[in-house]
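Here are the chains, one letter per residue:
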2 protein chains.
Amino acid sequence: MTDPLPGERGEVEPVTPPAHGHPSPSFAFTARVRLRNVPGMLGRLTTEVGRVGGDLRAIDMVRVERSDIVRDVTVHAVDAVHAEAIVRALHHIDGVEVLEYSDRTFLAHLGGKITIQPRTPIKTRDDLSMVYTPGVARICMAIAADRARARTLTIKRNCIAIVTDGSAVLGLGNIGPEAALPVMEGKAMLFKEFGDVDAFPICLATQDEDEIVATVQRIAPTFGGIALEDIAAPACFGIEGRLRTSLDIPVFHDDQHGTAVTVTAALISALRVVSKRIEDVRIVVLGIGAAGTACTRLLLTAGARDIVGVDRQGILVRGSQQLKGTTQRWYAAHTNPRHLRGGLAEALAGADVFIGTSGPGLVSREQVASMAELPIVFALANPEPEIRPELIEDLAAVVATGRSDYPNQINNVLTFPGFFRGLLDCGAQRVTDAMKLAAAHAIADIVADSLHPEHIVPSVFNRAVAPAVAAAVRAEAERSGLAHRLPTEQDPLHPPELGVPENS
Amino acid sequence: MTDPLPGERGEVEPVTPPAHGHPSPSFAFTARVRLRNVPGMLGRLTTEVGRVGGDLRAIDMVRVERSDIVRDVTVHAVDAVHAEAIVRALHHIDGVEVLEYSDRTFLAHLGGKITIQPRTPIKTRDDLSMVYTPGVARICMAIAADRARARTLTIKRNCIAIVTDGSAVLGLGNIGPEAALPVMEGKAMLFKEFGDVDAFPICLATQDEDEIVATVQRIAPTFGGIALEDIAAPACFGIEGRLRTSLDIPVFHDDQHGTAVTVTAALISALRVVSKRIEDVRIVVLGIGAAGTACTRLLLTAGARDIVGVDRQGILVRGSQQLKGTTQRWYAAHTNPRHLRGGLAEALAGADVFIGTSGPGLVSREQVASMAELPIVFALANPEPEIRPELIEDLAAVVATGRSDYPNQINNVLTFPGFFRGLLDCGAQRVTDAMKLAAAHAIADIVADSLHPEHIVPSVFNRAVAPAVAAAVRAEAERSGLAHRLPTEQDPLHPPELGVPENS
């Protein structure tokens, strides 16, 4: 490197450490720096770290170069902004070059993104004897006498597991359980932020269907629900099906049903925009994996009568030799009533709705032009949609994607926090299609008064969504007799040994 | 019931709902009330609930009696004190009798005792894109490239699982996973309160050793350590041993090692009180289960040379036909150097130290009187010790129990929060006897300056304990090369794609 002239990098900006808070490992960062190999350089660096309020924790040698030394410097800062300010201050030292450093997104992940907190403090002997021994023994015995009391007296009331095997994470593919954990932590944050649901990530060191099922069955006692996440098809179908029938808590694979509810909500709105009825429209689904299958199933429940599924081998046709597995056979048996054959082009000609859960750039402008009047295009492949909205803005009546940088983002966060909030609140032991449909209508109804081709779903930050979804799920559970009201004659709040009030 | 005369229950005390806060499900309670069967009674009750600031949520019929009706009334209160005030107010209504209600300990458990919180808020699109898609994908790929980065960039950094099968919970026995959950939640609170460790309870719906091992192996990716809890002997030995050798995170069965560390700490102190050396004393251990075995092993590591184990069949003797399983054979092979035979009486005659991890009242005053001068008696059976301290206050030099209502409470909470704090901070992948011994010395050293026969261990609320234990574990890990320093040339903070600072 060429040494910069003094002042070449501009004036050193004043760095004032935040007035409140102390440097902590939560905001540790490591900067890789190249130091001119002259006496006193390291001292100048360490002095500068101290001057700007950083807590220097470690200096590690990386390598010696011709006239420089490369070192890693680990510093605790007060917060992320402070950390960046320290890095800039180091970079301004004459003879120091910051080669790279852990950045803001990485800083946001340091140490993980969720924490487990006591709901009440343990400060006194009285606290301790109530939440731990000896008081806790009474709670244990009450639950031992009636296991159902765990729903009231433990975290089972509000806690779900987010379970993944890391086999189909985002669009990243099979990256394994450790690499999937940041996504599951992010999902746990969303569950809490929008649904006040305590969600804990369980990333499994197996991708064997039998082992996944057995493991979830064995850890189930702690949880009031299971959110399956990012498990590849077709294993996800068998896993969900077996857990649904063997567990007494609700099981919900978000990649299937979260997507299906959100897509159905968006389609209800989009059909309102173009004044068509779901019973009348021709719908094409491209990509018959977990999401495409679940969307189709829910749209059929919602009243759709003409859905054509297209996968790699083309249109799924009843009785075809090319159908793979029970899911594709189910699909073909319940769709394509006009017995279309061919590929995407044949399917899309005259269609009213396109729903893509497939891959980037698979749809052409010509294909959209071949659709019926006022076509609806949901190009949900992420991050690169089946067709870019700007290519069809003159053709399509409504366009939605999975991206946040276009209008109409189809984001499952509209569904899953409120859906589980509703399930936990009514104690429902299973999820029904009617609940999903009720949730979809609830989401669609939120934007019903402000409907616009570019506003068919609420913003993910609309705080009205989750409560509305939860209420819809609860109401449907009550309607269908699946709600489990807690105060009954076998009330879990009434362990036998409870006495009358002391002050009576 | 006989109706009380007006005023018989005294004046109605004024109930003022707390000025801050709203009634919430966290402080829901249900009162079972007997109402005189006359018109307007229910109205008087509901009016009273509202008057004192309660939020009436449900009224359920329980039964109709001759001239009364029994109902369950579910109310949301602002806090536990408010809930009790409401119950008293109901009881004061003429014609209303509160038969029972969910009490304060139950209220403290309603909805569970721990919660999962985001470490940063998700309020803006920028927050969302950093902690979830699309930003999170970079973190996932960095971990996919090097699994070890999960230790830095996910909750694995600070999160452990508290795993139980509910087979030996407190002194309650085999009560199953749901009934064990309140204890595990309490333990999670203690981990956080004293060690700042995020601990999550996993209660298993199996008591099969192979299934427990397989399940823990499969859920391990999320966790930086495994705390085994309340698993019955001898299964606990096999489970811990197999997990120790198969996992790359530390595994620690608290009933064994937490007890062993705490007992060893107490014994170090007690021997200081009576000026004896551990190498010289004769020690008797009664109850050779998980705790007794682990205590013996650690005391041998600490230098003890004469330990005699006594179980139901009497003194464990090398080569005896009565020895059951590998654990008892190991025990007999490493203890009883004087080849004593017989029962507890034979073992205790002339002994310096008694350590009981057995059952209530198994030791007599005469047996303590037969011990050597200045005997040390640790009667740890809970809640009822092997002998009550007041029965031997004139005989024993030092007495300790597991109870909080006597001096010298041997409580594992002195050990486990700090121990795991230390393990997580140094990234140690396994637990060694040297670490346990270092922790015991750290605990003992805290009371070294204030030593007294009734103060051989610190209070469980002494905030100096956990940091001292953590420091001792870290130091021993570093000494023995088991510490895993994070900033190295393969620094997990340095994913390859990191750029230079924006402002450079």
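Residues numbered from 1 in each chain as written. Chains lettered and ligands numbered in written order. Predicted model: local features only at pLDDT ≥ 70, side-chain atom pairs only at ≥ 80, totals over all residues. Heavy atoms only, no water.

### Section: the packing of helix α8 (residues 209–219) of chain A against helix α8 (residues 209–219) of chain B
- Packing of α8 of chain A against α8 of chain B brings their axes to within 10 Å, and their N-to-C directions diverge by 100°. In terms of orientation, α8 of chain A lies roughly perpendicular with respect to α8 of chain B. Contacts between α8 of chain A and α8 of chain B involve E211, A214, T215, R218 and I219 of chain A on the former and, on the latter, E211, A214, T215, R218 and I219 of chain B.
- Taken together, the residues that form the contact of α8 of chain A with α8 of chain B break down as 4 nonpolar, 2 polar and 4 charged. (Axes fitted to C-alpha atoms, helices over the stretch in contact; angles between N-to-C directions. Helix = DSSP H or I, 4+ residues; strand = E, 2+ residues; numbered from the N terminus. Parallel < 35°, antiparallel > 145°, perpendicular 65-115°, else oblique. Contact = heavy atoms within 4.5 Å. Nonpolar A, V, L, I, M, F, W, Y, C, P; charged D, E, K, R; others polar.)

### Considering the interface of chain B and chain A
- Taken together, the contact pairs 119 residues of chain B with 119 residues of chain A.
- Summing both sides of the interface, chain B and chain A together bury roughly 11,400 Å²; the carbon and sulfur share of this comes to 65%.
- Three residues, F106, R119 and R218 of chain B, lead the burial of chain B against chain A; their summed loss comes to 7% of the area buried on that side.
- For the pair chain B and chain A, the interface holds 6 salt bridges.
- Across the pair E211 of chain A and R218 of chain B runs a salt bridge, and its minimum N-O distance is 3.4 Å. (Buried area = accessible area lost by both parts, 1.4 Å probe. Salt bridge = Lys/Arg side-chain N within 4 Å of Asp/Glu carboxyl O.)

### Re the packing of α8 of chain A against helix α9 (residues 235–246) of chain A
Residues and elements named next belong to chain A.
- Between α8 and α9, the shortest axis-to-axis distance is 10 Å and the interhelical angle comes to 35°. In terms of crossing hand, the pair formed by α8 and α9 is right-handed. Residues E209, D210, I212, V213, V216 and Q217 of α8 touch α9, and the partners they reach there are A235, G238, I239, R242, L243 and S246.
- Classifying every residue of the contact of α8 with α9 by side-chain character gives 6 nonpolar, 3 polar and 3 charged. (Left-handed = near helix turned anticlockwise from the far one by under 90°.)

### Structural notes on the sheet that holds strand β9 (residues 251–253) of chain A
Residue and element names in this part refer to chain A.
- On the basis of which strands lie adjacent, the open sheet formed by 4 strands has the order β7-β6-β8-β9 and parallel pairing. Of all strands in the sheet, those bounded by a partner on one side alone are β7 (198–203) and β9. Between one strand axis and the next, the sheet turns by 25° as a mean value, whatever way the strands run.
- With 3 bridges joining them, strand β8 (residues 225–228) and β9 adopt parallel strand pairing. Its bridge partner lying in β9, I226 is registered against V251.
- Across the face of the sheet, helix α7 (residues 176–195) comes into contact with β6 (159–164), β7 and β8 while running at roughly 170° to β7. (Pairing = 2+ DSSP bridges.)

### Here's the deal with helix α16 (residues 433–446) of chain B
- The end-to-end C-alpha distance of α16 of chain B, which contains 14 residues, comes to 20 Å, matching closely the 20 Å that a straight helix rising 1.5 Å per residue would cover.
- For α16 of chain B, every residue scored as buried is listed here: M435, K436, L437, A439, A440, A442, I443 and A444 of chain B. (Expected span 1.5 Å × (residues − 1). Buried < 20%, exposed > 50% of the residue type's maximum accessible area, 1.4 Å probe, protein only.)

### Some words on the packing of aromatic side chains
Residues and elements named next belong to chain A.
- Evaluation of the coordinates by the stated rule reveals 15 aromatic pairs over all chains.
- Taken together, the aromatic side chains of F191, F252, F416, F419 and F420 make up a single cluster linked through ring pairs.
- Its end group placed over the ring of W330, R297 keeps NZ or CZ at 4.4 Å from the ring centre. (Phe/Tyr/Trp six-rings, centres within 6.5 Å; stacked < 30°, edge-to-face > 60°. Lys NZ or Arg CZ within 6 Å of the ring centre and 35° of its normal.)

### Things to note about the sheet that holds strand β10 (residues 282–286) of chain A
All names here are of chain A.
- Pairing in this open sheet of 6 strands is mixed, and the strands run β12-β11-β10-β13-β14-β15 from one edge to the other. Each of the sheet's edge strands pairs with one partner strand only, and the pair in question is β12 (314–315) and β15 (398–401).
- Taken together, the 4 bridges between β10 and strand β13 (residues 353–356) define a ladder with parallel strand orientation. Note on β13: the bridge partner recorded for V284 is F354.

### So, the pattern of salt bridges
- One pass over the structure, following the stated rule, counts 63 salt bridges over all chains.
- When the shortest N-O distance is used, the salt bridge between E193 of chain A and R463 of chain A registers 2.9 Å. Taken together, the residues E193 of chain A in helix α7 and R463 of chain A in the loop between α16 (433–446) and α17 (465–479) connect sequence positions 270 residues apart.
- Under the relative-accessibility criterion, E193 of chain A is labelled buried at 15%.
- The shortest N-O distance in the salt bridge between R272 of chain B and D445 of chain B comes to 3.1 Å. Of this pair, R272 of chain B sits in helix α10 (residues 254–274) while D445 of chain B sits in helix α16, placing them 173 residues apart in sequence.
- What makes D445 of chain B partly exposed here is its relative accessible area of 43%.
- Here the salt bridges do not stand alone but share partners, grouping R34, R63, E65 and E97 of chain A into one network.

### Some words on the side chain of H109 of chain B
- Turning to its location among the elements, H109 of chain B is positioned in helix α3 (residues 104–109).
- The buried category is assigned to H109 of chain B, whose relative accessible area is 0%.
- Not counting residues within four places of it along the chain, the set of residues in contact with H109 of chain B comprises M130, V131, V136, I139, T152, L153 and T154 of chain A together with P182 of chain B.

### A look at the side chain of E240 of chain A
- Within the secondary structure, E240 of chain A is located in helix α9.
- Not counting residues up to four positions away in its chain, the partners in contact with E240 of chain A are L228, V251, F252, H253, Q256 and H257 of chain A.

### Brief notes about the relation of the copies chain B and chain A
- Of the transformation superimposing chain B on chain A, the axial component is 0.0 Å and the angular component is 180°, with the fit at an RMSD of 0.1 Å. Such a turn and shift between the copies fits a two-fold axis. Taking the C-alpha atom as reference, chain B places I116 of chain B closest to the rotation axis, 2.3 Å from it. (Least-squares fit on C-alpha atoms with pLDDT ≥ 70 in both.)

### Quick word on the environment of A302 of chain B
All names here are of chain B.
- Relative to the helices and strands, A302 resides in the loop between α11 (290–301) and β11 (306–311).
- The buried category is assigned to A302, whose relative accessible area is 19%.
- If sequence neighbours within four positions are ignored, A302 has contacts with T264, I278, E279 and L437.

### Here we look at the pairing of strand β11 (residues 306–311) of chain A
All names here are of chain A.
- Counting buried residues along β11, 6 of its 6 residues qualify, which places the element largely inside the surrounding structure.
- Of the two faces of β11, the one holding D306, V308 and V310 and the one holding I307, G309 and D311 are both buried throughout.
- Pairing geometry for β10 and β11, over 5 bridges, is parallel. Residue pairing in the sheet places L286 in a bridge with V310 of β11.
- Each parallel crossover has a hand, and the one from β10 via helix α11 (residues 290–301) to β11 is right-handed.
- Two strands pair when backbone bridges link them, and β11 and β12 are joined in this way by 2 bridges, in the antiparallel orientation. Across the sheet, residue V310 finds its bridge partner in β12, namely I315. (Right-handed = clockwise from strand over helix to strand, strands pointing away.)

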